[in-house]
Amino acid sequence: SGTVQFVTPFTKSCVVCGYAEQGQGTEPAHIVRFVDFDGRVLSSQGVKNGSSAIEPENPSRTGYNFIGWDKEFCNVTEDLTVSARYEIQKFTVTFKDGDTVLEEQQVEYGKDAQPPRNPSRPPEEWGNWQFDGWEGDFRHITEDVAVQAKFRQEWNEYKVIFYDAEGNEFSVQT
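What comes next concerns the included structure. Since this is a predicted model, take the numbers as computed values, not measurements. (Residues numbered from 1 in each chain as written. Predicted model: local features only at pLDDT ≥ 70, side-chain atom pairs only at ≥ 80, totals over all residues. Heavy atoms only, no water.)

### Considering a nonpolar patch on the surface
(1) Moving on: On the surface, Y158, V160, F162 and F170 cluster together into a nonpolar patch covering about 420 Å² of accessible area.
(2) Moving on: With respect to the helices, strands and loops of the structure, Y158 is situated in the loop between strand 9 (145-155) and strand 10 (160-163). (Patch = residues over 30% accessible without salt bridge, like charges linked within 9 Å, V, L, I, M, F, W, Y side chains within 5 Å. Areas by Shrake-Rupley, 256 points an atom, 1.4 Å probe, with all protein chains shown as cover. Salt bridge = Lys/Arg side-chain N within 4 Å of Asp/Glu carboxyl O. Helix = DSSP H or I, 4+ residues; strand = E, 2+ residues; numbered from the N terminus.)

Listed below in structure tokens is the structure:
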């Protein structure tokens, strides 16, 4: 029985023989796989021994920033799996009372902000301001958000008593 010779151009990987064509002889080739966070293969390429793999286009992932690859892929001397690395995005949630910033928080993508202690306002001549919650959603954050404190007015109540000329009470109004 004769021998079968596989000749594969360098632009394709040769999984069967594990060699890349190089001039007159053969030189070991290695498979370099670039994978995403979920194990999905982004690129698979045959690389001559001692050469570098070609980096694929940067992957994207909702709520995360791509920050690079987990290992070097220069001077490849063995099969490699190179994984994408990400960092979670952070957004600013600003809690305000009018134009006054009460608190700012850095919140990771998809997480909830924690509201600060309920704000208060000083009493006025006419009555008081009563804190009535927050205007704006600060749960499941996916962008920068400003949240306003809501207040309702609580009017002072006065009791007015009317007396006649003899000092007898004849009407009461609040």
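### Some thoughts on unusual backbone geometry
(1) Moving on: The phi angle at N75 is positive, at roughly 50°, despite the residue not being glycine.
(2) Moving on: Relative to the assigned elements, N75 resides in the loop between strand 4 (64-69) and strand 5 (80-88).
(3) Moving on: The phi dihedral of H140 is positive, around 50°, even though this residue is not glycine.
(4) Moving on: Of note, H140 is situated in the loop between strand 8 (127-135) and strand 9.
(5) Moving on: Its relative accessible area of 51% is what places H140 among the exposed residues. (Buried < 20%, exposed > 50% of the residue type's maximum accessible area, 1.4 Å probe, protein only.)

### So, the nonpolar core
(1) Moving on: V93, F95, A113, W134, F138, I141 and V147 are the most contacted members of the largest nonpolar core, which totals 13 residues.
(2) Moving on: If you list the elements that add at least two residues to this core, you get strand 6 (90-97), strand 8 and strand 9.
(3) Moving on: Dropping the residues within four chain positions of it, F95 is found in contact with T100, V101, L102, E103, Q105, A113, Q114, P115, P116, W134, F138 and V147.
(4) Moving on: In terms of nonpolar packing, the next biggest core, distinct from the first, is built from eleven residues, W69, V82, A84 and Y86 among them. (Core = buried A, V, L, I, M, F, W, Y, C linked by side-chain atoms within 4.5 Å. Contact = heavy atoms within 4.5 Å.)

### Focus on the pairing of strand 11 (residues 169-173)
(1) Moving on: Pairing between strand 10 and strand 11: four bridges, direction antiparallel. Among the inter-strand pairings, Y163 is bridged to a residue of strand 11, identified as E169.
(2) Moving on: Remark: five residues form the turn of the hairpin made by strand 10 and strand 11, two consecutive strands paired antiparallel; G167 in that turn has positive phi of roughly 90°. (Pairing = 2+ DSSP bridges.)

### A look at the sheet that holds strand 8
(1) Moving on: The strand order across the open sheet built from four strands is 7-6-9-8, with neighbouring strands paired in mixed fashion. The sheet is open, and its two borders are formed by strand 7 (100-108) and strand 8, each paired with just one other strand. Strand after strand, the sheet turns through a mean of 25° between neighbouring axes, direction not considered.
(2) Moving on: In the sheet, strand 6 pairs with strand 7 via eight bridges, with the strands oriented antiparallel. When the sheet's bridge partners are listed, F91 is paired in strand 7 with V107. (Axes fitted to C-alpha atoms, helices over the stretch in contact; angles between N-to-C directions.)

### Re the environment of D97
(1) Moving on: Looking at where D97 falls in the secondary structure, it is placed in strand 6.
(2) Moving on: Between the alpha carbons of D97 and P119 there is a distance of 7.8 Å; along the sequence they are 22 residues apart.
(3) Moving on: The residues touching D97, leaving out its near neighbours within four places in the chain, are L102, R121, Q148, A149 and F151.
(4) Moving on: Within polar-contact distance, the side chain of D97 engages the side chain of R121 at 2.5 Å. (Polar contact = N/O pair within 3.5 Å; in protein donor to acceptor, adjacent residues only side chain to side chain.)

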